[in-house]
Amino acid sequence: MTMTVENRSAVGKPSITPCTRPLIHTVAGQPEESKFERVRVVSYNVLAQCYCRSSIFHWSCRGDIKWNRRKGRITKEIEEYKADFLLLQELDKFSDYHRGALRSLGYDGYTYVQRKSVDAQKEDGVGIFWKCDDFEVMSETPVHFNAIAEQSYGIDYAQKKNNPRHLLRDSVGAITVLQSTKHPSDVGIILATCHLFWNPAHADVKLLQAFHMVEQIRDVLSEYDYPLILGGDFNSVPNSTVVSFLSGGSIPYNDPDLRDLSSEVLEMISKRGMKLQNMYQYEEGDITNYTEPFADVLDYIFVKGGVQASSFLKLPRAKELVKNGVKGFPHGPWPSDHIALVADLKVPFLSKPAQES
């Protein structure tokens with residue numbers, strides 16, 4: 001795959017902003033255009049306001065973490081991307097703000113799944129948004145990893161290691177099947193998003209969540225043989241077990257971070273990989289999450305079913321941001337600690353729902 005760069009940044013303005021990032025064009029085989037629909041997808045952890053405390057984001061100006069300032073910047077940024085589909089995480093102002101703000105931008109269709117947290121202060125969720133003029137909803141699947149953990153492994157396993165909430169981390173996902181109203185034939189797309197547990201010390205929890213997200217998607221694919229786009233905050237770096245499982249369908253059995261998982265569970269997971277394709281072309285030094293103690297890639301867009309990359313907005317690098325005096329996000333025009341993934345994809349809207357046996 002070759003790539004060309006279109007720099008939309010204004011000359012003489014060295015500062016990096018979300019919407020002036022260069023557009024990277026990919027060239028891969030030049031498929032027959034009549035068989036593809038071009039769509040723009042945004043996957044973005046917008047940073048829940050319940051986490052915006054100066055004790056956490058001490059590198060940020062107080063004004064940059066206040067909701068009255070952040071909300072307008074988030075909406076304006078999303079508006080400028082002009083996306084067909086939005087896959088958003090950490091929405092804790094859904095009813096109060098995000099729903100109305102996104103509707104004003106034309107995103108009348110949505111699937112929203114809120115975490116069922118024992119902590120009343122953490123009520124964020126994930127959302128999938130689209131424009132109703134082009135699609136009709138065929139199915140919606142909320143994914144609550146707590147319930148899946150208890151059902152799959154039993155409450156004893158879910159509460160092991162003297163930690164009553166070992167697997168019960170309130171993480172959620174969502175899957176929506178849309179049928180196109182613009183095509184004469186019965187065609188559609190599957191959109192999915194998730195937000196996996198954050199703690200790097202619990203790779204086993206994140207791997208099980210990723211596994212069960214794939215299993216939920218597999219169930220949907222058994223009924224709708226449509227192209228798939230899965231975007232989200234996987235809280236996993238590129239060389240992690242989670243990304244290896246999602247993109248390669250395999251896991252390293254000797255990973256010390258997985259020592260608490262039995263060989264039977266590991267074998268089960270390794271046999272159920274989906275081998276999704278990672279659509280974003282990451283380069284060395286790219287980041288999707290930027291805080292003073294951490295800068296790396298945590299967010300991804302995975303696809304299946306013949307979806308191809310056309311172009312995507314380039315990710316900034318920490319050294320470029322430091323050069324501009326930015327120690328971490330939120331900062332100025334960057335309203336979240338995450339960076340939005342913006343990808344133009346070629347989707348083969350040719351598949352039809354699988355026939356019932």
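In case you missed it, the structure is sitting above this.
Bear in mind that the values here come from a model prediction, so they are computed numbers and not experimental data.

**Focus on helix H4 (residues 203–223)**
Stage number 1. In this model, H4 (21 residues) spans 31 Å end to end at C-alpha, consistent with the 30 Å of a helix rising 1.5 Å per residue.
Stage number 2. Where burial is concerned, most of H4 is hidden: 16 out of the 21 residues are buried.

**Quick notes on the sheet that holds strand E9 (residues 188–195)**
Stage number 1. Taken together, the 6 strands give an open sheet; going across it, the order is E7-E8-E9-E10-E14-E11, and neighbouring strands pair in mixed fashion. Each of the sheet's edge strands pairs with one partner strand only, and the pair in question is strand E7 (135–144) and strand E11 (277–278).
Stage number 2. By the bridge criterion, 2 bridges tie E11 to strand E14 (residues 299–304) in an arrangement that is antiparallel. Counterpart to Gln-277 in the pairing with E14 is Val-303.
Stage number 3. Contacting E7, strand E8 (172–180), E9, strand E10 (228–233) and E14, H4 crosses the sheet at an angle of about 20 degrees to E8.

**Focus on the environment of Leu-246**
Stage number 1. Within the element layout of this structure, Leu-246 appears in helix H5 (residues 241–248).
Stage number 2. Once the C-alpha coordinates of Leu-246 and Ala-210 are considered, the two residues, 36 residues apart in sequence, prove to be 7.5 Å apart.
Stage number 3. Apart from residues lying up to four places away in sequence, Leu-246 is in contact with Ala-210, Val-214, Phe-234, Lys-275, Leu-276 and Phe-302.

**Topic: the nonpolar core**
Nonpolar side chains tend to gather and get buried jointly when the protein is soluble and globular.
Stage number 1. Core analysis: the biggest nonpolar cluster contains 58 residues, and Phe-85, Leu-86, Ile-229 and Leu-345 have the highest contact counts within it.
Stage number 2. Counting 44 residues, the second largest nonpolar core, distinct from the first, contains Leu-167, Leu-230, Val-297 and Tyr-300.

**Considerations on the pairing of strand E3 (residues 37–45)**
Stage number 1. Counting buried residues along E3, 8 of its 9 residues qualify, which places the element largely inside the surrounding structure.
Stage number 2. Here 7 bridges tie E3 to strand E16 (residues 341–347), and the two strands are oriented antiparallel to one another. Note that in E16 the partner of Val-42 across the bridge is Val-342.
Stage number 3. By the bridge criterion, 5 bridges tie E3 to strand E4 (residues 85–91) in an arrangement that is parallel. Bridge pairing in E4 links Ser-43 to Leu-87.
Stage number 4. Read from E3 through helix H1 (residues 67–81) to E4, the crossover connection turns out right-handed.

**Some remarks on the pattern of salt bridges**
Stage number 1. On inspection of all chains with the given rule, the structure shows 14 salt bridges.
Stage number 2. One salt bridge in this structure joins Asp-64 and Arg-69, with 3.8 Å as the shortest N-O distance.
Stage number 3. Overall, the relative accessible area of 41% leaves Arg-69 in the partly exposed class.
Stage number 4. Its salt-bridge partner being Asp-124, residue Arg-115 comes within 3.1 Å of it at the nearest N-O pair.
Stage number 5. The class for Arg-115 is buried, based on a relative accessible area of 14%.
Stage number 6. Its relative accessible area of 4% is what places Asp-124 among the buried residues.
Stage number 7. Ionic contacts of the salt-bridge type, sharing partners, join the residues Glu-283, Asp-286, Lys-314 and Arg-317 into one network.

**A look at the packing of aromatic side chains**
Stage number 1. Across all of its chains, the model carries 18 aromatic pairs by this definition.
Stage number 2. Judged by centre distance (5.2 Å) and plane angle (55 degrees), the ring pair of Phe-94 and Tyr-110 falls under tilted. With Phe-94 in helix H2 (residues 94–104) and Tyr-110 in strand E5 (residues 109–114), this pair connects stretches of sequence that are 16 residues apart.
Stage number 3. For the pair Phe-94 and Tyr-112, a centre-to-centre distance of 4.0 Å together with 0 degrees between the ring planes defines the contact as stacked. With Phe-94 in helix H2 and Tyr-112 in strand E5, this pair connects stretches of sequence that are 18 residues apart.
Stage number 4. Residue Phe-94 is classed as buried on the basis of its relative accessible area, which comes to 8%.
Stage number 5. Ring pairing ties together the aromatic residues Phe-234, Tyr-280, Tyr-282, Tyr-300, Phe-302 and Phe-312, which thus form one cluster.
Stage number 6. The positively charged end of Lys-131 is found above the aromatic ring belonging to Tyr-107, 5.2 Å away from the centroid.

**Structural notes on the packing of H4 against helix H6 (residues 263–270)**
Stage number 1. Between H4 and H6, whose axes approach to 11 Å, the crossing angle comes to 40 degrees. The angle between the axes of H4 and H6 places the two elements in the oblique class. Seen along the crossing, H4 lies across H6 with a hand that is left-handed. Contact with H4, carried on its side by Leu-207, Leu-208 and Phe-211, involves Val-265, Leu-266, Met-268 and Ile-269 of H6 and no other residues of that element.
Stage number 2. When the residues that make up the contact of H4 with H6 are grouped by side-chain class, the tally is 7 nonpolar, no polar and no charged.

**Details of unusual backbone geometry**
Stage number 1. Cis geometry is found at the peptide bond from Phe-329 to Pro-330, where omega equals 0 degrees.
Stage number 2. Tracing the sequence through the fold places Pro-330 in the loop between helix H7 (318–323) and E16.
Stage number 3. In this structure, Asn-235 is a non-glycine residue whose phi angle is positive, near 45 degrees.
Stage number 4. By relative accessible area, which is 10% here, Asn-235 ends up buried.
Stage number 5. With a phi angle near 55 degrees, Lys-275 is a residue other than glycine that sits in the positive phi range.
Stage number 6. Tracing the backbone shows Lys-275 in the loop between H6 and E11.
Stage number 7. By relative accessible area, Lys-275 is classed as exposed at 62%.

Definitions and cut-offs
- Residues numbered from 1 in each chain as written.
- Predicted model: local features only at pLDDT ≥ 70, side-chain atom pairs only at ≥ 80, totals over all residues.
- Heavy atoms only, no water.
- Helix = DSSP H or I, 4+ residues; strand = E, 2+ residues; numbered from the N terminus.
- Expected span 1.5 Å × (residues − 1).
- Buried < 20%, exposed > 50% of the residue type's maximum accessible area, 1.4 Å probe, protein only.
- Pairing = 2+ DSSP bridges.
- Contact = heavy atoms within 4.5 Å.
- Axes fitted to C-alpha atoms, helices over the stretch in contact; angles between N-to-C directions.
- Core = buried A, V, L, I, M, F, W, Y, C linked by side-chain atoms within 4.5 Å.
- Right-handed = clockwise from strand over helix to strand, strands pointing away.
- Salt bridge = Lys/Arg side-chain N within 4 Å of Asp/Glu carboxyl O.
- Phe/Tyr/Trp six-rings, centres within 6.5 Å; stacked < 30°, edge-to-face > 60°.
- Lys NZ or Arg CZ within 6 Å of the ring centre and 35° of its normal.
- Parallel < 35°, antiparallel > 145°, perpendicular 65-115°, else oblique.
- Left-handed = near helix turned anticlockwise from the far one by under 90°.
- Nonpolar A, V, L, I, M, F, W, Y, C, P; charged D, E, K, R; others polar.

All we've got here are geometric facts, nothing functional implied.
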